[in-house]
Amino acid sequence: MRVIRASDIDHRISRPRGFSGAIALCIAALAAVGLIDTAGANTSNGYNLPMGVTDLSQNMYALHMEVFWICVGIAVVVFGVMIYSMVTFRHSKGAIPDTTMVHSTKVEIIWTIIPVIILVVMAVPAADLILKQEDTRNSELSIRVTGFQWKWQYQYMDAGEGVDFFSTLKQDSNFARQLGSGVDPKTVPNYLLDVDKPLVIPSGTKVRLLLTSMDVIHAWWVPDFGAKRSAIPGYVNELWFKVESGKEGIYRGQCAALCGRDHGFMPVVVDVRTPDDFKKWVEEQKAASKQAAAPADVPPPSAQVLN
Ligand SMILES: [Cu+2]
């Protein structure tokens, strides 16, 4: 492996000079960490929140960016005034402290009111979004999600009534993770982020999850849905999301509560399909479970040989 030394880095960075150079450097740094969207949606580079594929996740992203830029504005103003004051009114230049600023009622009122206004500006949309997150009314499909050490159970209601299965870590990941397996995890596709049976949901549908647990506290989390909630034993938590039509595909997440030894081995995988494909999938699942439940061909008692 090649080691990069500080001396190597120095000559790679072209150092822009002056004020415009500093601005260019700042913009480049912000673009590098994904805070300035230089290439369209979902380019967070892992440093920023993903925009996601649900109405809620996109609202969360917008709110997060709004608050972020308010913070940037505050930082620029506060540090700007500080640095300007320290440089312009330094002792060596003969500056004399202005004692009238101490216990000035006018200043106290100004620096109380301005932060209050800023907090209200941030709190109003935040409260609005929290209320939206909690509004599980008019959901079109409910699924009971139960956490186990260390797997998920999905039990469908409404249109999927009767569909019930466990979702566990995929066999190839499970094998590769064993001590001395000899398998390089890098060769396993979606290592530790794949399951044997994903949760299947329809797009364009308000899906409500009813979360609980059979042992310890788990947390069901899919970042692209802006959805994360604890699954607590003896308690039912609600969560909803609606994946936009046209955003069908596989979405991955993990258990987000430290739930024991194999906490890192109970991923969440959601397969979003069109409503028609979802209907077909439900029918297939029901047919398969009917077939599994049907009694095996047993010869009538008269044909059995009694010893
Ligand atoms: Cu867990």
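All of these numbers come straight from a predicted model, not from anything done at the bench.

(A) A look at the overall build of the protein chain. A count of helical and extended segments in the protein chain gives 6 helices and 10 strands. Across the 307 residues in the protein chain, those meeting the buried criterion constitute 20%. Taking the contacts inside the protein chain whose residues are at least 6 apart along the sequence as the reference set, 63% of them involve residues at least 24 apart.

(B) Quick peek at the sheet that holds strand β9 (residues 249-255). The sheet built from 5 strands is open, its strands ordered β4-β10-β9-β6-β7 with mixed pairing. Bordering the open sheet on either side are β4 (199-202) and β7 (227-231), each of which pairs with just one other strand. Neighbouring strand axes in the sheet, compared pairwise and without regard to direction, differ in orientation by 25° on average. Pairing analysis gives 5 bridges linking strand β6 (residues 218-222) to β7, with the strands arranged antiparallel. Of the residues in β7, the one forming a bridge with Trp-220 is Arg-229. Of the strands in this sheet, β4 and β10 (268-273) are in contact with helix α6 (residues 275-293), which crosses β4 at around 135°.

(C) Seen up close, the sheet that holds strand β3 (residues 164-167). With mixed pairing, 5 strands are arranged side by side in an open sheet as β3-β2-β1-β5-β8. Only two strands of the sheet have a single neighbouring strand rather than two, namely β3 and β8 (237-241). Neighbour to neighbour, the strand axes of the sheet diverge by 25° on average, direction disregarded.

(D) Inspection of the nonpolar core at higher detail. Within the largest apolar cluster, 37 residues are counted, with the highest numbers of intra-cluster contacts made by Val-145, Ile-201 and Val-270. Considering every element that reaches this core, the biggest residue donor is β10, with 4 residues. Ignoring sequence-local partners within four residues, the contact set of Val-270 consists of Pro-198, Leu-199, Ile-201, Val-222 and Tyr-251.

(E) Geometry of α6. Helix length check: α6 (19 residues) gives 27 Å between terminal C-alpha atoms against 27 Å at 1.5 Å per residue, within 8%. A small share of α6 lies buried, amounting to 1 of its 19 residues.

Basis of the calculations
- Residues numbered from 1 in each chain as written.
- Predicted model: local features only at pLDDT ≥ 70, side-chain atom pairs only at ≥ 80, totals over all residues.
- Helix = DSSP H or I, 4+ residues; strand = E, 2+ residues; numbered from the N terminus.
- Buried ≥ 20, exposed ≤ 12 C-beta atoms within 10 Å, placed from the backbone.
- Contact = placed C-beta atoms within 7 Å.
- Pairing = 2+ DSSP bridges.
- Axes fitted to C-alpha atoms, helices over the stretch in contact; angles between N-to-C directions.
- Core = buried A, V, L, I, M, F, W, Y, C linked by C-beta atoms within 7 Å.
- Expected span 1.5 Å × (residues − 1).

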